Amino acid sequence: MTTTTPSRGRRRAPTRMERAAGKAAALQKPRVILALLLLLGLTSVMLLDGYLRAEVGGDQRVRDGASSSKVPDKILNGGPIISFRGGRATTTSVPSRTIALTFDDGPNPTYTPQVLKILEKYDVPATFFLVGSMVSRYPGIVKNMVDQGNEVGIHTFTHVDLSYQSDARVRREMTQTQLALAGAAGITTTLFRAPYSSETDAIDNYSWPVYKKLGEEGYTSVFVDTDSDDWKRPGVSKIVKWATPSGTSGAAVLMHDAGGDREQTIKALPQYIQKMRAKGYTFTTISGVIEAQNSAARAGQQANASAGAGGGQGQGGNGSAARTARNGTDRLQAAHREATGTTLYEGKALVMAVAVAEYTVPTLSVGLAIVGVAVMGRFGMMLILARRHYRQRNKRRFSWGPTVTRPVTVIVPAYNEKECIANTLESLARSTHPIEVIVVDDGSSDGTSEIARAAAEKLGMNNVRVIRQENAGKPAALNNGVRSASHDIVVMMDGDTVFEPDTVRQLVQPFANPEVGAVAGNAKVGNRDTVIGAWQHIEYVMGFNLDRRMYDLLRCMPTIPGAIGAFRREAVLQVGGMSEDTLAEDTDITIAMHRAGWRVVYQEHARAWTEAPGSLKQLWSQRYRWSYGTMQALWKHRKSLTDKGPSGRFGRVGMPLVVIFQIVTPVFAPLIDVFTAYSMIFIDFQAALYAWLAVLGVQLVCAAYAFKLDKEQYRYLLMMPLQQLAYRQMMYLVLIHSCITALTGGRLRWQKLKRTGEVGTPAGAG
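Chemist: Just checking my understanding: could you explain the overall build of the protein for this structure?
Modeler: A count of helical and extended segments in the protein gives 25 helices and 20 strands. In the protein, buried positions account for 54% of the 766 residues. Put simply, 83% of the contacts in the protein that link residues at least 6 apart link residues at least 24 apart. Taken as a whole, the protein presents about 34,600 Å² of accessible surface, with 55% of it coming from carbon and sulfur.

The structure is reproduced here in structure tokens:
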């Protein structure tokens, strides 16, 4: 072997693999960030939706019976409209034979449009005090409301009792409602009605400071003279009766167009309008009441001025008439202000964000239900088929055919495996089946090939060949081994894996059946005594091996693990060997075997002990490659969906199952955790906790059964609750990261994990 030394002062040009590695490293971090941003976005949308429905930040407290000793008597005994001109509180009463019809708690998509239709039919204006969260959810109704000539006021954003809230919360409730109005109808308003308020004599020492503070900011607080109490649903006749003022008195009348069943209100409203008109009443808005009082005051001032100056009467009268002749809609909507600039754009952004939340959360809820059914269905299918598989393969009379005793070739691809390669060869030296061992050193820089030769010589293994090649990746190393193999059956294992003495013999027995082209073994986690190792151990036993039993019976095994698998050499060559098209060469060749008409089976008694990643960073790197590689392999073999005959079985059965259970369901599975956490924090902690424990219980049953089949120790299942809280979330992020990489067209290379060599013997075997 020769090496070349670059000339002094010149830098060596990076190789193709180094350029690919650099590109992958440069792209990986932004994709991780994007995956986290997606999860953050989902959480934000849910919080926004919960806030709109008063599940997040909701406050159901309502103050009652508090003292009003600090409230001025003129306010308690005054009219229903309180303003603070010049810093002084003044009240306004509704003129005689006048009704200021007001509605609270809307808009509602069912009842508010019906109310508007009735008002339009009878040409009656009204004032609607709107809840900001409802405005942002139903902006079209509010725009129609304003365009029809009605007036709107603020009823807070989340319908909370402001007397309990901080100044910051009060300010937020008002500002957010103004933004919602700006986004919905392009206006803001100066009218305000507090939730749970009624007549002015109900103002107490806690709510009065709130009204004064809002008054200083330009708001007019509106109360009622007559309450229909329609929210009690007393019947149509009583609603009409209770909304009718005594004698010829004017009144601000309260009804509701939302907040519950308002069918009685819808029926009572036309009757009420007809009754009041028959009594000679006219209808107006709150601004109409204020404008009428101001006009009367101006008329009185002009009359006094005319009495003192003879020639001024006609001019004053003409001015009053001109002012009275203003556009009627403007007069009835005088509290409205056109939203401009930042307020307008922020309002539109709020309405748009709410529209996204309104569409997303219900969609996700449906997705959650589908995912839940799919997950439960998968558990049920695994339990039933795994039990059937176990009973079928462990019958005394079960046999693949004549015992396979001929020698086989074991291929060990190795790249910088100095810590593990000696242990791997030592385990193969104990094999009870005749083997040839080919170690393919894929350009290692740590002396792997020298260590392998020394170990073979020390162990007296004359059946070991070490082939060294330039670094070209794992598929190339395996293909090199297949070409160099002396026997018709090849066993493939990783350089960090150790076999039990009987592993090879058990693994090759299915080849007695001429239909079998490949066999998947039972991969075990050797370094399971750490938290991360224990989590992966549970995953290997429950997820991988239980799944393989199911796929075996369905004859659509998706993956032969790289740690332990066996192939007919002719079958490997028939499908073109190990492909470099994907990162999951094991999944790629397994699907290719199916499409070529070969049967792929699972041999549970052939066990291999592998060193799982020992850190979260290494685990992320490995699973990221696995997930992305699986997607590549599925996409590569997408035409299997249309294959005919036995070769199309994987496309008809295996492909849908893998896509549903290994990609789609895990991608949406975080919804279960996000919704559970959301429910625990904001809705019903106890019910959500019980639901989570129920799901955990189902998983524990499946895991315990899987451990029983594999004769594993149950003590590792104690780590399962923590695995669900931490490990599973990481796997979700890995899969989302992989999906983003696939969608953005990124590529990865064969990644080398750091090894310790601690899996030196088949720990736990037997």
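Chemist: Honestly, a positive patch on the surface in this entry has me stumped. Any pointers?
Modeler: Where like charges cluster on the molecular surface, the positive patch consists of R97, K238, K241, K275 and K279. Turning to its location among the elements, K241 is positioned in helix α8 (residues 236-242).

Chemist: What should I look at first to understand the environment of A584 in this one?
Modeler: For A584, the position within the fold is in the loop between α19 (569-574) and α20 (585-595). Take A584: its relative accessible area is 6%, and that puts it in the buried class. Between the C-alpha atom of A584 and that of Q632, which follows or precedes it by 48 residues, the distance is 7.7 Å. Residues contacting A584, with those up to four places away along its chain left out, are G629 and T630.

Chemist: What should I look at first to understand the pairing of strand β3 (residues 98-106) in this one?
Modeler: If a strand is regular, its side chains alternate between the two faces of the sheet. A large share of β3 lies buried, amounting to nine of its nine residues. Of the strand pairs in this sheet, β3 and strand β10 (residues 251-256) are connected by six bridges, and their pairing is parallel. The partner of A100 across the bridge, within β10, is A252. Pairing of β3 with strand β4 (residues 127-130), which is carried by four bridges, proceeds in the parallel orientation. In the strand pairing of β4, G106 is matched with L130.

Chemist: I would appreciate a short explanation of the sheet that holds strand β15 (residues 464-469) in the present structure.
Modeler: Whether parallel or antiparallel, the strands of a sheet pair through hydrogen bonds between backbone atoms. Pairing in this open sheet of eight strands is mixed, and the strands run β15-β14-β13-β16-β19-β18-β20-β17 from one edge to the other. Whereas interior strands pair on both sides, the edge strands pair on one side only; in this sheet they are β15 and β17 (497-499). Taking each pair of neighbouring strands and ignoring which way they run, the sheet shows an average axis angle of 30 degrees. Direction of pairing for strand β14 (residues 435-442) relative to β15: parallel, over a ladder of six bridges. When the bridges of β15 are listed, V437 appears paired with V464. In this fold helix α15 (residues 448-459) packs onto β13 (408-414), β14 and β15, with an angle of close to 170 degrees to the strand it touches most, β15. The sheet contacts of helix α16 (residues 474-484) involve β13, β14, β15 and β16 (489-492), and relative to β14 the element is tilted by about 145 degrees.

Chemist: Which parts of the structure should I look at to understand helix α5 (residues 139-147)?
Modeler: Since the α-helix advances by 3.6 residues per turn, residues separated by three or four positions end up pointing in the same direction. Residues of α5 that are buried: I141, V142, M145 and V146. All buried residues of α5 lie within an arc of 130 degrees about the axis, which places them on one face of the element. Once α5 ends, the next one or two residues include G149, with phi positive near 105 degrees.

Chemist: I keep staring at the pattern of salt bridges and nothing clicks. Help me out?
Modeler: Side chains bearing opposite charge may pair, as long as their charged atoms lie close to each other. In total, this model carries 23 salt bridges according to the counting rule given. Between R378 and D547 there is a salt bridge, and its shortest N-O distance comes to 2.6 Å. Taken together, the positions of R378 in helix α13 (residues 341-393) and D547 in helix α18 (residues 531-554) put the pair 169 residues apart, joining distant regions of the chain. D547 matches R378 in its accessibility class, with the two residues each being buried. Where R406 meets D488, a salt bridge forms, and the shortest distance between an N and an O atom there is 3.2 Å. You can see R406 sitting in the loop between α13 and β13 and its partner D488 sitting in the loop between α16 and β16, a full 82 residues away along the chain. Residue classification places R406 among the partly exposed positions, given a relative accessible area of 34%. Here D488 falls in the partly exposed class, since its relative accessible area comes to 37%. One network of salt bridges, in which partners are shared, links K524, R528, R549, E604, D710 and E712.

Chemist: Explanation requested: α20 in the structure shown.
Modeler: Across the eleven residues that make up α20, a large majority, ten, are buried. Buried within α20 we find E585, D586, T587, D588, I589, T590, I591, A592, M593 and H594. Immediately downstream of α20, the backbone of G597 shows phi near 95 degrees, a positive value.

Chemist: Help me understand the nonpolar core, please; the structure alone is not making it clear to me.
Modeler: Note on soluble globular proteins: their nonpolar side chains tend to be buried together. The biggest cluster of nonpolar side chains holds 65 residues, and the ones touching the most others in it are L101, L119 and Y272. Contacts of L101, omitting those with residues within four sequence positions, involve L119, V124, A126, T127, V253, M255, L269, Y272, F283 and T284. Formed by 58 residues, the second largest nonpolar core is a distinct cluster that contains L385, M542, V572 and M593.

Chemist: Would you mind showing me how to read the packing of α18 against helix α21 (residues 616-636) here?
Modeler: How two helices sit against one another is set out by the angle between their axes and by the gap between those axes. In contact at an axis separation of 11 Å, α18 and α21 are set at 25 degrees when each is read in the N-to-C sense. Comparing their axes, α21 and α18 come out roughly parallel. In this structure, the crossing between α18 and α21 has a hand that is right-handed. On the side of α18, the interface is formed by I532, Q536, E539, Y540 and F544, while α21 contributes L616, L619, Q622, R623 and W626. Along the lines of polarity and charge, the residues of the contact of α18 with α21 split into six nonpolar, two polar and two charged.

Chemist: Is there a simple way to explain a nonpolar patch on the surface in this structure?
Modeler: A cluster of nonpolar residues, M376, V695 and V698, forms a patch on the protein surface that exposes about 180 Å² of accessible area. Looking at where V695 falls in the secondary structure, it is placed in helix α24 (residues 685-709). Classification of V695 as partly exposed rests on a relative accessible area of 31%.

Chemist: Would you take a moment to explain empty space enclosed by the protein for this structure?
Modeler: It is the rolling of a water-molecule-sized probe over the atoms that shows where space remains empty. For the structure shown, the criterion picks out three cavities of 30 Å³ or more. A volume near 70 Å³ is recorded for the largest cavity. In this structure, the largest cavity is lined by K474, L478, M492, I560, P561, G562, G565, F567, M578, E585 and D586. Elements with a minimum of two residues in the lining of the largest cavity: α16, β19 (565-568) and α20. Its residues placed into classes, the lining of the largest cavity shows six nonpolar, two polar and three charged.

Chemist: Please clarify how the pairing of strand β18 (residues 516-525) should be interpreted in this entry.
Modeler: Burial within β18 is extensive, with ten of its ten residues counted as buried. Examined bridge by bridge, β18 and strand β20 (residues 599-610) share eight bridges and lie parallel to one another. Residue pairing in the sheet places N522 in a bridge with R607 of β20. Bridging between β18 and β19 involves three bridges; their strand directions are antiparallel. Its bridge partner being in β19, V519 is matched across the sheet by A566.

Chemist: Where do I start with the packing of aromatic side chains in this structure?
Modeler: Tallied over the entire structure, the rule returns six aromatic pairs. Where F192 meets Y211, the ring centres are 6.4 Å apart and the plane angle is 50 degrees; that geometry is what we call tilted. Taken together, the residues span a long stretch of sequence, with F192 in strand β7 (residues 191-192) and Y211 in helix α7 (residues 208-216) at a distance of 19 residues. For F192, a relative accessible area of 0% translates into the label buried. One cation-aromatic arrangement involves R63 over Y164; the distance from NZ or CZ to the ring centre is 3.9 Å. The residue whose ring lies beneath R63 is Y206, and the NZ or CZ to ring-centre distance is 3.9 Å.

Procedures and definitions
Residues numbered from 1 in each chain as written. Predicted model: local features only at pLDDT ≥ 70, side-chain atom pairs only at ≥ 80, totals over all residues. Heavy atoms only, no water. Helix = DSSP H or I, 4+ residues; strand = E, 2+ residues; numbered from the N terminus. Buried < 20%, exposed > 50% of the residue type's maximum accessible area, 1.4 Å probe, protein only. Contact = heavy atoms within 4.5 Å. Areas by Shrake-Rupley, 256 points an atom, 1.4 Å probe, with all protein chains shown as cover. Patch = residues over 30% accessible without salt bridge, like charges linked within 9 Å, V, L, I, M, F, W, Y side chains within 5 Å. Salt bridge = Lys/Arg side-chain N within 4 Å of Asp/Glu carboxyl O. Lys, Arg positive; Asp, Glu negative; His and termini not counted. Charge placed at Lys NZ, Arg CZ, Asp CG, Glu CD. Pairing = 2+ DSSP bridges. Axes fitted to C-alpha atoms, helices over the stretch in contact; angles between N-to-C directions. Arc of directions from axis to C-beta. Core = buried A, V, L, I, M, F, W, Y, C linked by side-chain atoms within 4.5 Å. Parallel < 35°, antiparallel > 145°, perpendicular 65-115°, else oblique. Left-handed = near helix turned anticlockwise from the far one by under 90°. Nonpolar A, V, L, I, M, F, W, Y, C, P; charged D, E, K, R; others polar. 1 Å grid on protein atoms, 1.4 Å probe; cavity = no way out; pocket = protein on both sides within 12 Å on 5 of 7 lines; lining within 4 Å. Points joined across faces, edges and corners; volume = space filled by probe spheres on them. Phe/Tyr/Trp six-rings, centres within 6.5 Å; stacked < 30°, edge-to-face > 60°. Lys NZ or Arg CZ within 6 Å of the ring centre and 35° of its normal.

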